[in-house]
Amino acid sequence: MKRLLLLTFCCCLFIVSLAQSGKDTIPPREQRDTPGIKSGIKKDTTAKLLPDTVHVAALPDSTDSIKAQKAPVVQQKPADTDIPVASVMKGPAAMPEAKPTIQGFQKALSNHPYFNFYGQGVKITEQLKKQSNDESMFYFLCALLFYFGFIRIVFMKYLDNLKTLFLRVTMRQQQIRDQVLQSPLPSLMLNILFIISTGLFLSFVADYYNIVPGMNRWLLLFYCCLLLTAIYIGKFIMLKMLGWMFNIRTATDTYIFIVFLVNKMMGIYLLPALLFMAFAKGTFLTVLITLTYCFIAILFIYRFIIAYRPVRNEIKLSRFHFFIYLCAFEIAPLLLIYKVLLIFVERSY
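Our focus in this paragraph is the overall build of the protein. Counting its secondary structure elements, the protein contains 13 helices and zero strands. Sequence-ordered secondary structure for the protein, helices as α and strands as β, is α-α-α-α-α-α-α-α-α-α-α-α-α. Taken over 349 residues, the protein has a buried fraction of 26%. Long-range contacts, defined as pairs at least 24 residues apart, comprise 67% of the intrachain contacts of the protein with a sequence gap of at least 6. As presented, the protein carries roughly 26400 Å² of accessible surface, and 66% of it is formed by carbon and sulfur atoms.

As structure tokens, then:
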């Protein structure tokens, strides 16, 4: 019994040893299916078949080896040849590129849809840019309008009474006249407005007729305002002296009141014309100056008409004597001052 068990154990050992030795000698299935690759060797032994082909080396993994066998063949230029790549390639890219020429460039310019390179030239005349003071004049006129607006808001009743006296020829509204005379501050402010407005108009006229060429606009405005101030202060003093000497103070005071009444309204009515005259040019400026002349002449004639009746009621005065007074004390001084200024300007320039 012991011998039988020992024999059986020996047979089992023999069979196990044979099985182990057979496992080591038989290669795996993956290695048997891949030709040219030995187990345990990782070196690539693939032969180079053609000079223009590249073979992918097989990897130990079975899936990588299958992908390597199915990969497309990539053609490359041989390293030892001097054949250009363009001769090897086929298709439209192998065509030689067209070189740019002057004729092609000229044709592209002539067919340009936005620029007329070969069209007829246009002659443009250059003009010298002249510096203007329109911006400063604009702000000055705005300040003048604000000045009048302030007077209109603060002294509204005074302006209404002034308009009532101006539009009525007779001076029987003694109560309204007394109210106007008792307001010296708005009267002074409107007289200043008249001096500035009329002086600005005279400066525009002098610039239009080129009486003082090259003079600064603001300096010319200052001279015109100074001239008007001297004229009306001198007229006021002269009329006061005549009323005191001939004992006709009531008549002279009435005439002075009418003169400054018309002057105040003239300063107000000139504002719209000045706004256009400051920026008008050419024919429009000529027409505007002519219309302003007519308007001022109408105001002077209206002043003489409304002044004749109250003065005649105070003193015995005929129309002829009144006309002589106008020529001697209204028109002649203005002509004399204009002549003196013209001579002064001619000597200065």
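Axis angle and axis distance: for two packed helices, these are the angle between their axes and the distance between the axes, and together they describe the pair. The geometry of helix 9 (residues 184-208) relative to helix 10 (residues 217-245) is characterised by a closest axis approach of 8 Å and an angle of 125° between their N-to-C directions. One element, helix 9, and the other, helix 10, form an angle in the oblique class. Note that helix 9 runs across helix 10; the crossing there is right-handed. Residues Phe194, Ile195, Ile196, Thr198, Gly199, Leu200, Leu202, Ser203, Ala206 and Asp207 of helix 9 lie in contact with helix 10, whose contacting residues are Arg217, Leu220, Leu221, Cys224, Cys225, Leu228, Thr229 and Tyr232. Here the contact of helix 9 with helix 10 is built from residues that sort into twelve nonpolar, four polar and two charged.

To continue, consider the side chain of Thr252. With respect to the secondary-structure elements, Thr252 resides in helix 11 (residues 249-277). A relative accessible area of 9% means that Thr252 is categorised as buried. Only 2.9 Å separates the side chain of Thr252 from the backbone oxygen of Arg249, close enough to count as a polar contact. Once you skip the residues sitting within four places of it in the chain, Thr252 turns out to touch Leu239 and Gly243.

On to the confidence of the model for the protein, then. Confidence in the prediction of the protein, expressed as mean pLDDT, is 75, and 69% of residues score 70 or more. Below a pLDDT of 50 lies the segment residues 30-91, which in the model reaches 30 contacts outside its immediate sequence neighbourhood of four places, other chains included.

Time to look at the environment of Gln106. The residue Gln106 is located in helix 5 (residues 102-110) in this model. Considered as a pair, Gln106 and Phe117 are eleven residues apart in the sequence and their alpha carbons are 9.3 Å apart.

Residue placement: Ile192 occurs in helix 9. Along the chain, Ile192 and Cys225 lie 33 residues apart, while their C-alpha atoms are 9.5 Å from each other.

At a minimum axis distance of 10 Å, the contact between helix 7 (residues 156-167) and helix 9 shows a crossing angle of 70°. With respect to helix 9, the axis of helix 7 lies roughly perpendicular. Regarding helix 7 and helix 9, the two cross each other, and that crossing is right-handed. Between helix 7 and helix 9, the contacting residues are Tyr158, Leu159 and Leu162 on the first element and Pro186, Ser187 and Leu190 on the second. In terms of residue class, the contact of helix 7 with helix 9 is made up of five nonpolar, one polar and no charged.

This part takes up helix 10. Between its terminal C-alpha atoms helix 10 stretches 42 Å, which fits the 42 Å expected from 29 residues at 1.5 Å a residue. Listed as buried for helix 10 are Leu220, Leu221, Cys224, Cys225, Leu228, Ile231, Tyr232, Lys235, Leu239 and Gly243. Taken from the residues just after helix 10, Asn247 is the one with a positive phi, measuring 55°.

Rules behind the numbers
- Residues numbered from 1 in each chain as written.
- Predicted model: local features only at pLDDT ≥ 70, side-chain atom pairs only at ≥ 80, totals over all residues.
- Heavy atoms only, no water.
- Helix = DSSP H or I, 4+ residues; strand = E, 2+ residues; numbered from the N terminus.
- Buried < 20%, exposed > 50% of the residue type's maximum accessible area, 1.4 Å probe, protein only.
- Contact = heavy atoms within 4.5 Å.
- Areas by Shrake-Rupley, 256 points an atom, 1.4 Å probe, with all protein chains shown as cover.
- Axes fitted to C-alpha atoms, helices over the stretch in contact; angles between N-to-C directions.
- Parallel < 35°, antiparallel > 145°, perpendicular 65-115°, else oblique.
- Left-handed = near helix turned anticlockwise from the far one by under 90°.
- Nonpolar A, V, L, I, M, F, W, Y, C, P; charged D, E, K, R; others polar.
- Polar contact = N/O pair within 3.5 Å; in protein donor to acceptor, adjacent residues only side chain to side chain.
- pLDDT = per-residue confidence, 0-100.
- Expected span 1.5 Å × (residues − 1).

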